[in-house]
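Notes for the structure review
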Amino acid sequence: MSIPEFNEIVEPNDQTEARREHLERLRDLIGNVYPNKYRREVLQDGQVIIPDQKATITNVARFARPIKDKHISELPEGEKPSDEHRDAANAELNQYRIRIAGRLAVPPRVMGKAAFVHLSDGIERLQIYVRKQDAKAVNNDTGETIDEEGTAWELFGLLDHGDFIGVEGFLFVTKTGELSVHVETIQFLSKAMFPMPDKMHGISDPELQRRFRYADLIASSLQVERDDLTTREVFERRAKLISGMRRFLDDNGFIEVETPMLTPKATGAAAKPFKTHHNALGIDLYARIAPELYLKRLTVGGFEKVYELNRNFRNEGLSQKHNPEFTMLEFYAAYMDVNGMMDFAEAMIKESVQKATGGSLQVNYDGRAIDFSKFERLTMKKAIVRHWREENRQLGNEFFEIQWLDSPVQVARLRRFLAYMSVAEVEYVQSANPTRYIIEDAKKIIDEKAMEARIKEAKNIWFSVSDEIQENTSEVFESFEKNVVELFEIVAEEKLIQPIFIIDYPKSISPLSKASPENPNVAERFELFINGMECANGFSELNDPQEQYERLIDQMKEREGGDEEAMVLDEDYIRALAYGMPPAAGIGIGIDRLVMLLTNKHSIRDVILFPHMRPERKEGETVE
């Protein structure tokens, strides 16, 4: 195994070498350059009013700002406060003794025998004022101040942009009206060996942002101008969303549980798993693709309301919407059906969105408003009808009738028609919308005769499809329900912008869902779509052990036929159902995709702190 040298990781250059030299000089000056702790606090008359763990720069600034504003209101740019107002503010602010610590948010600049610089805790900044004759340095070996004059000033001169320091002093307002700390003691805490990113633009390369998230967080917090959320704010909003969902579930009697991350069978969803081997037990294990069957085992055991905020793993491709490791909230409620679950999920998402956004139910995503105040419900077939007619109205409505979706032959014709019409799209199933080019082509054609020729061409294709379908009816009936789903995915899915529950999924593709009492071919299942993304999947849970066994056997046959994502038979789960499971409904909610919507991010990797990336290649290195 090749072990890199330290200098191969922190590569030497002019800037890193200068910082390394500063570090060595600091070591000679104050001893230990990486002390173990620093006590922060705010005191008044010797009494602690803000203790250590709460004395962040943000909290200190928010505590002191109203005191300043009481005497000095916001000033026009370039205007200074009067001496009278400044003296009144300082008379009150000087009463508070401050100990704060943070990162130098800007490069330190020394002007004569005094200097101003801003410290940051990643959220807010607070200016500090260091004067040569006032400040003393702390010896990190002894913890005592160094009495030798000029040591603190020398220490300050060895600081670099990004270093961590702790300062003690008193609050005051400068002549320009800025809240500041007059430093009396300064303690060095940690050296930034790398230069900080550009303060105006941060890190603009998305790959670098995701690969070096720590640098992205620093850059985003130090960036001066920006129109969107900082990286930290994105993940704070994510945390608030999750916290709101947890609180809602807890308040409604749900119990949070933990189920296995490594399982003997990859069950609970249709997906390709990651596989590993347990040496001590001598068995293969799988990183879970979903906790569903374990959570329902708990429902069998008497937990009427359970949830798990979990990590799932699927050995599949990367995309703007997919990451191999992702976060799901999955929960189950006894004696509830699919309609009750939609009601409950809608209420939970609304409340959690409000908590995450600070009260709003509307978010801006890619220039358009997403309104979480109302969730529509629409059957899969009606969604196809609605969006087929919108997309293909130039071709004439005779090309689509609602009753066709109940006919395997007509559905196959529709599906094949789209394949013909999207011939320019080599992988039409994966394309954003393979029917769109029809309309875009038609809009470009101004000549009426050319438009008529285009429609005639479409009709000819339609009839040729009809002839082909009649020649192969067995395949048509076997693929009927999958064709309906593919029609929905191609024609409607990406146009579902506002929150909408799509209901009435085919039973054959929903092996863990109960069938509808009204139609045995339809599952009591829904998927929540927002901005063309599936954000949740739920259904009335199948609790008949015999039927569940038969459904999973059908899945095994599909697996044997080459479908790697078909489910496997879990004998223990069938055994659990045989003990009796009450009527129940469950749901899985994709946390990452919801966060994308709430933060106006277009890639799932931008809302995962450490997404999976291809290995970084060194210069000259080739891929095998």
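Our structure's up above, just so we're on the same page.
A brief report on the enclosed structure follows. Quick caveat, the model's predicted, so the values are computed rather than measured. (Residues numbered from 1 in each chain as written. Predicted model: local features only at pLDDT ≥ 70, side-chain atom pairs only at ≥ 80, totals over all residues. Heavy atoms only, no water.)

Considering the overall build of the protein
Inclusion rule: Secondary structure is summarised from DSSP: a helix means a run of H or I of at least four residues, a strand means a run of E of at least two, and numbering begins at the N terminus for each. Categorising residues by exposure relies on relative accessible area from a 1.4 Å probe, with only protein chains included: less than 20% of the type maximum marks a residue as buried, more than 50% marks it as exposed, and the intermediate range marks it as partly exposed. The contact criterion used is simple: two residues touch if any of their non-hydrogen atoms lie within 4.5 Å. Surface accessibility in these figures is a Shrake-Rupley result with a 1.4 Å probe; residues are shielded only by whichever protein chains are displayed.
Counting its secondary structure elements, the protein contains 19 helices and 23 strands. Within the protein, buried positions represent 49% of all 624 residues. Long-range pairs, those at least 24 residues apart, make up 67% of the contacts in the protein with a sequence separation of at least 6. Counting every atom, the protein has about 31,800 Å² of accessible surface; 48% of that belongs to carbon and sulfur.

A closer look at the nonpolar core
To keep it simple, the criterion reads: Side-chain atoms within 4.5 Å are what join buried Ala, Val, Leu, Ile, Met, Phe, Trp, Tyr and Cys residues into a set we call a nonpolar core.
Counting 47 residues, the largest nonpolar core has Met-245, Leu-329, Phe-331, Met-348, Ile-349, Phe-372 and Ile-589 as its most contacted members. Within the residue set of this core, elements represented by two or more residues are helix H8 (231–251), strand S16 (325–334), helix H10 (338–357), strand S17 (362–365), strand S21 (522–530), strand S22 (533–540), strand S23 (584–590) and helix H19 (591–599). Once residues lying within four places of it in the same chain are set aside, the contact partners of Met-245 are Leu-329, Met-348, Ile-349, Ser-352, Ile-589, Ile-591 and Leu-594. In this structure, Ala-89, Leu-93, Phe-156 and Leu-158 belong to the second largest nonpolar core, which totals 46 residues.

Focus: the sheet that holds S21
Quick reminder of the rule: When DSSP finds two or more bridges between two strands, those strands count as paired.
If you walk across this open sheet you meet the eight strands as S11-S15-S16-S23-S22-S21-S20-S19, and the pairing is mixed. Of all strands in the sheet, those with a lone pairing partner are strand S11 (255–256) and strand S19 (376–379), marking the two edges. Two elements, S11 and strand S15 (residues 305–313), share two bridges in a ladder whose sense is parallel. Residue pairing for S15: Ile-255 is matched across the bridge by Val-306.

What about the pairing of strand S2 (residues 47–50)?
Regular strands place side chains that alternate from one sheet face to the opposite one. Where strand S1 (residues 41–44) lies against S2, three bridges are found, and the strand directions are antiparallel. The residue bridging Leu-43 from the neighbouring strand is Val-48, located in S2. Hairpin connection of S1 to S2: two residues between the antiparallel strands, including Asp-45 at a positive phi of 55 degrees.

A short note on the sheet that holds strand S14 (residues 283–287)
Spatial strand order, S12-S14-S13: three strands in an open sheet with antiparallel pairing. With one partner strand each, in any of the chains shown, strand S12 (262–263) and strand S13 (274–278) form the two edges of the open sheet. By the bridge criterion, two bridges tie S12 to S14 in an arrangement that is antiparallel. The residue bridging Leu-262 from the neighbouring strand is Ala-287, located in S14.

Looking at the packing of helix H7 (residues 213–222) against H8
Heads up, the condition is: To get an axis, fit a line to the C-alpha atoms, keeping to the stretch in contact for a helix; angles then go from 0 to 180 degrees between the N-to-C directions. Oblique is the label for every angle not falling under 35 degrees (roughly parallel), over 145 degrees (roughly antiparallel), or within 65 to 115 degrees (roughly perpendicular). Residues are grouped as follows: nonpolar covers Ala, Val, Leu, Ile, Met, Phe, Trp, Tyr, Cys and Pro; charged covers Asp, Glu, Lys and Arg; every other residue, Gly included, is treated as polar.
Interaxial distance between H7 and H8 falls to 7 Å at its minimum, and their mutual angle equals 105 degrees. Judged by the inter-axis angle, H7 sits roughly perpendicular to H8. Here Arg-213, Asp-216, Leu-217 and Ser-220 of H7 come into contact with H8, specifically with Thr-231, Arg-232 and Phe-235. The residue makeup of the contact of H7 with H8, split by class, is two nonpolar, two polar and three charged.

A word on helix H17 (residues 545–560)
Definition in use: Helix span, expected: 1.5 Å multiplied by one less than the number of residues in the helix. Summarising the geometry, the arc corresponds to the directions from the helix axis toward the C-beta atoms.
When the terminal C-alpha atoms of H17 are compared, their 22 Å separation across 16 residues agrees well with the 22 Å that a helix rising 1.5 Å per residue should span. For H17, the complete set of buried residues consists of Gln-548, Arg-551, Leu-552 and Gln-555. For H17, the buried positions fall inside an angular range of 95 degrees around the axis, keeping them on one side. In H17, those exposed residues whose orientation departs by more than 90 degrees from the buried face are Lys-557 and Glu-560. The inward-facing, buried residues of H17 abut helix H18 (571–578). Where H17 ends, the next residue or the one after it, Gly-562, has phi of about 115 degrees, a positive value.

A closer look at the packing of aromatic side chains
Selection rule: For Phe, Tyr and Trp, where Trp contributes only its six-membered ring, two rings pair if their centres lie within 6.5 Å, and the inter-plane angle classes them as stacked under 30 degrees, edge-to-face over 60, or tilted in between. In this analysis the charged atom, NZ for Lys or CZ for Arg, is taken to sit over a ring once it is within 6 Å of the ring centre and within 35 degrees of the ring normal.
This model, assessed by the stated rule, comprises 13 aromatic pairs. Relative to Phe-375, the ring of Phe-372 lies with its centre 6.5 Å away and its plane at 55 degrees, an arrangement referred to as tilted. Phe-375 carries the same exposure label as Phe-372, and that label is buried. The structure contains a cluster of three or more aromatic residues connected by ring pairs, namely Phe-248, Phe-254, Phe-331 and Phe-344. The positively charged end of Arg-297 is found above the aromatic ring belonging to Tyr-294, 4.7 Å away from the centroid.

Points about the pairing of S14
Here S13 runs beside S14; their pairing, made up of five bridges, is antiparallel. Bridged to Lys-275 within S14 is Tyr-286. Taken together, S13 and the strand that follows it, S14, pair antiparallel across an intervening segment of four residues, in which Gly-282 is found at a positive phi of about 70 degrees.

Looking at a nonpolar patch on the surface
Note the following rule: Patch definition: residues with relative accessible area over 30% and no salt bridge; like charges joined within 9 Å; nonpolar side chains (Val, Leu, Ile, Met, Phe, Trp, Tyr) joined within 5 Å. In what follows, salt bridge is the name for a side-chain nitrogen of Lys or Arg lying within 4 Å of a carboxyl oxygen of Asp or Glu.
A grouping of Tyr-214, Leu-609 and Phe-610 is seen on the molecular surface, where their side chains present a nonpolar patch of about 350 Å² in accessible area. Along the chain, the position of Phe-610 falls in the segment after H19.

Examining helix H2 (residues 14–30)
Stated precisely, the cut-off is as follows: Residues adjacent in sequence count toward polar contacts only when both atoms are side-chain atoms; beyond that, a polar contact is any pair of N or O atoms within 3.5 Å, and within protein one must be able to donate a hydrogen and the other to accept it.
The terminal C-alpha atoms of H2 lie 24 Å apart, and with 17 residues this matches the ideal 24 Å at 1.5 Å per residue to within 8%. Summarising the contacts, the buried residues of H2 are in contact with strand S7 (136–138), strand S8 (145–146), helix H5 (151–157) and strand S10 (179–190). If you check the start of H2, you find a side-chain oxygen 2.9 Å away from the backbone N of Gln-15, and it comes from Asn-13. Of the residues flanking the end of H2, it is Gly-31, one or two places downstream, whose phi is positive at about 85 degrees.

Looking at the packing of H8 against H19
The condition that has to hold: Helix crossings are classified by the rotation of the near helix relative to the far one: an anticlockwise turn of less than a right angle makes the crossing left-handed, while a clockwise turn makes it right-handed.
Between H8 and H19, whose axes approach to 10 Å, the crossing angle comes to 125 degrees. In this view, H8 runs oblique relative to H19, as classed from their interaxial angle. Seen from above, H8 lies across H19 with right-handed handedness. Residue-level inspection shows Val-234, Arg-237, Arg-238, Leu-241, Ile-242 and Met-245 of H8 in contact with H19, the latter providing Ile-591, Asp-592, Leu-594, Val-595, Leu-598 and Thr-599. When grouped by side-chain class, the residues that make up the contact of H8 with H19 number eight nonpolar, one polar and three charged.

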